[in-house]
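# Topology and contacts: notes
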Amino acid sequence: PRQGGAATPEDTKRPSWTPPGIAFPIIWSTISLLRTISATLVWLACGRTLMCPPLIALAAHLCAGDTWNSITNAERRLGVSFSAVFAVLLSVYYAVYRFGTVSRVAGFVLAPSAVWISIATVLTGTIWNINKPRQPLWPVRGDGKSSPLRLPFSSLER
C-alpha cells in the first residue's frame, strides 16, 4: 500500500493527533544523535569499554526497536505491533535507568527517546484500535503477512 509520505499506509486510519509524516525522520534523526551522545558519555564513564551493562541495555533496546520496526513497517501487523511496542518501551526505560547509573547527564540525554517511544506506544495502540476489524495481537499462522526466511547467500548455487 502507498504511504504518500505518511508514517503508515494511506489506507490505514490514523488519529487526528498523528504527527505529519515529515516529523518522523526529523524526530528519529534527533533521537539518533542523542543516543550517540549519551552512549559516548557512558562509554567514557565505563572506562572506554563496550561491554558494560548500560551499553548492553542500549543494544538490547535497539534490537527490540528493529524487530518492532519490521513487524510494523514491513509486515504491517497492527495488532502484533501494539503488543511488541511494549518491549521497546520497557527496554528504553531500562536503558535510560542504566545510563543514569553511570552518568546522570547520559541518562538525561537519552530520556527524550523514552518520551518519544511513550508517545509512539499510545499512537500504535490507537491505530490498532481504530482500524476495524482489529488485527490479532499475536502472529497467526497462515495470515499471509509473514515473510519467508531468507538466509544470506542461501540463493547461491552450490
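See the structure printed just above.
Just so we're clear, the structure is a prediction, and the values are computed from it rather than from any experiment.

For the coordinates displayed, the defined rule picks out one salt bridge. The salt bridge partner of Glu-75 is Arg-77, with a shortest N-O separation of 2.7 Å. What makes Arg-77 buried here is its relative accessible area of 6%.

Core analysis: the largest hydrophobic core is formed by 27 residues, its most contacted members being Ala-39, Val-42, Leu-55, Val-88, Phe-99, Leu-110 and Ile-117. With near-sequence residues (within four places) excluded, Val-88 lies in contact with His-61, Ala-64, Gly-65, Trp-68 and Ile-117.

Within this model, the largest pocket holds a volume of roughly 490 Å³. Around the largest pocket, the lining is made up of 25 residues, and of these Trp-28, Trp-68, Asn-69, Thr-72 and Asn-73 lie nearest the centre. Elements with a contribution of two residues or more to the lining of the largest pocket: helix H1 (23-45), helix H2 (53-74), helix H3 (78-102) and helix H4 (104-130). Top element by residues in the lining of the largest pocket is H2. It accounts for eight residues. Across the lining of the largest pocket, the residue classes break down as 12 nonpolar, 10 polar and three charged.

Cut-off values and rules
- Residues numbered from 1 in each chain as written.
- Predicted model: local features only at pLDDT ≥ 70, side-chain atom pairs only at ≥ 80, totals over all residues.
- Heavy atoms only, no water.
- Salt bridge = Lys/Arg side-chain N within 4 Å of Asp/Glu carboxyl O.
- Buried < 20%, exposed > 50% of the residue type's maximum accessible area, 1.4 Å probe, protein only.
- Core = buried A, V, L, I, M, F, W, Y, C linked by side-chain atoms within 4.5 Å.
- Contact = heavy atoms within 4.5 Å.
- 1 Å grid on protein atoms, 1.4 Å probe; cavity = no way out; pocket = protein on both sides within 12 Å on 5 of 7 lines; lining within 4 Å.
- Points joined across faces, edges and corners; volume = space filled by probe spheres on them.
- Helix = DSSP H or I, 4+ residues; strand = E, 2+ residues; numbered from the N terminus.
- Nonpolar A, V, L, I, M, F, W, Y, C, P; charged D, E, K, R; others polar.

Read these as geometric descriptors, not functional statements.
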